[in-house]
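What follows is the residue order along each chain.
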Amino acid sequence: MRELALDQYHLVLPLLESIQNKAVYALSVIDQTQQGRVFVNEEDTPTSVLITSNGGFYGLAGDEEDELFIADVVQFMNEESNHHGFFALGVFTTAWANKINLYHIQHAKKITRTYYSFNPEKFMKFYSELEAMVQKPFEYLSLNEVIAQEYRDKFYPYYQLVWSSTEQFCEHGIGHFIMKDDQLISVCSSPYVGGGYAEIDIITIEEFKRQGLACQLGVLFIKECLAKNLIPNWSCHADNLASNELAQKLGFEKVGEHPMYWYHV
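So, how was this worked out
Every chain's residues receive numbers from 1 upward, in the order its sequence appears when written. Whole-chain, interface and lining totals are the exception, using all residues; otherwise, since this is a predicted model, local features are given only for residues with pLDDT of at least 70 and side-chain atom pairs are given and counted only at 80 or more. With hydrogens and water set aside, each side-chain value is computed from the structure's full complement of heavy atoms. Helix and strand definitions follow DSSP, with helices as H or I runs of at least four residues and strands as E runs of at least two, each counted in order from the N terminus. Remark: exposure states derive from per-residue accessible area (1.4 Å probe, protein chains only) relative to the maximum for the residue type, with buried under 20%, exposed over 50%, and partly exposed in between. Whenever a nitrogen or oxygen atom comes within 3.5 Å of another N or O atom, the pair is scored as a polar contact, on the condition that within protein one atom can donate a hydrogen and the other can accept it, and that pairs from neighbouring residues in sequence are kept only if both atoms are in side chains. In what follows, a contact means two residues having at least one pair of non-hydrogen atoms within 4.5 Å. For Phe, Tyr and Trp, rings pair up if their centres lie within 6.5 Å, where Trp contributes its six-membered ring, and each pair is then called stacked (planes under 30 degrees apart), edge-to-face (over 60) or tilted (otherwise). The salt bridge definition used is simple: a Lys or Arg side-chain nitrogen within 4 Å of an Asp or Glu carboxyl oxygen. Here a strand pair is declared whenever DSSP counts at least two bridges between the two strands. Cysteine sulfurs are considered disulfide-paired once they come within 2.5 Å of each other.

J.: I'd like a rundown of the side chain of serine 186, residues and numbers included.
T.: The topology assignment puts serine 186 in strand β9 (residues 183-189). For serine 186, a relative accessible area of 0% translates into the label buried. In terms of polar contacts, serine 186 uses its side chain to reach the side chain of threonine 204, at 2.8 Å. Once residues within four sequence positions are removed from consideration, serine 186 is found in contact with His176, Phe177, Ile178, Ile203, Thr204, Leu213, Ala214 and Leu217.

J.: Help me get a handle on the packing of aromatic side chains, residues and values and all.
T.: Following the criterion strictly, the structure yields 25 aromatic pairs and no others. Ring centres of tyrosine 156 and tyrosine 159 lie 5.4 Å apart, and the angle between their planes is 45°; this geometry places the pair in the tilted category. A relative accessible area of 0% means that tyrosine 159 is categorised as buried.

J.: How would you sum up unusual backbone geometry? Please name residues and give values.
T.: Its identity as a non-glycine residue notwithstanding, histidine 107 has a phi of 60°, on the positive side. Tracing the chain through its elements places histidine 107 in the loop between α3 (94-100) and β6 (108-118). For aspartate 181, which is not glycine, the phi dihedral falls at a positive 55°.

J.: Give a detailed account of the pattern of salt bridges, specifying residues and quantitative values.
T.: Counted under the stated rule, the structure contains eight salt bridges. As a salt-bridge pair, arginine 37 and glutamate 3 come within 2.8 Å of each other at their nearest N and O atoms. You can see arginine 37 sitting in strand β2 (residues 36-40) and its partner glutamate 3 sitting in strand β1 (residues 2-3), a full 34 residues away along the chain. We classify arginine 37 as partly exposed; its relative accessible area is 32%. Within this structure, Glu65, Glu67 and Lys99 form a network of salt bridges that share partners.

J.: An account of the sheet that holds strand β10 (residues 193-194) is requested, with residue identities and associated values reported.
T.: Within the open sheet, the three strands sit side by side as β10-β11-β13. Their pairing is mixed. Sheet topology places β10 and β13 (231-233) at the edges, where each strand pairs with a single neighbour. Examined bridge by bridge, β10 and strand β11 (residues 197-199) share two bridges and lie antiparallel to one another. Within the sheet, the bridge partner assigned to valine 193 lies in β11 and is alanine 198.

J.: Explain the state of the cysteines residue by residue, including any values.
T.: As used in these notes, a disulfide is a covalent bond between sulfur atoms, one from each of two cysteines. Tallied over the entire structure, the rule returns zero disulfides. Counting only cysteine sulfurs, cysteine 225 is the nearest neighbor of cysteine 188, a cysteine outside any disulfide, at a range of 8.3 Å. For cysteine 225, a relative accessible area of 0% gives the class buried.

No statement about biological role is implied by the geometric values presented.
Pasting the structure below:
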């Protein structure tokens, strides 16, 4: 397989039309908002593509019948130096899933990922007049360089991979934070922004779950997306009941489930 130069990334956009919001990480790489790599079977007229993000989310699209390309993909996946200690390879058709199942990918556990689309009418029906009010003893903060730095350095270092700098995160990302006693306890932020979509990522420390904090931050995240003409996006593990329930509560509708090959040791 061949790696495309930055000025060639647009060549694979037709291959992503059927995927769209199921792989915002791929769109962010194509937009060159976030770092990653693009591999194809043919440089001038690609029909198969592997897009990898620095955050470890990878996606396959296009024709699944190119055996040489698939063999190269498997070889790439099985070379540990190609990954930052983690990967999640997404496939979005039964044909791709059947093909990848014929091969062994080291340190990969096959899981099921659930994908949603945002229904703005459903969201506005319940939340148009609602202002998320974070009350004491909690403190609400919107994204700024100080809180972004703390989030990336201490709370969730994964964001050092997906956003190359604090400045880049603040310029292109979305983030809403709740603190208690000067400690982060709940966050709703965007690990990926691309193709007009902003992926939602919510983390709440265990002892503060089931207090409505995630929902409040989700509302703020979605309203900021709408103000910026971005479409909020949601995907999660199929067995994550809390995440699936919250997605539907916030106006997302399930559009499908697909296999994902998740890094597992």
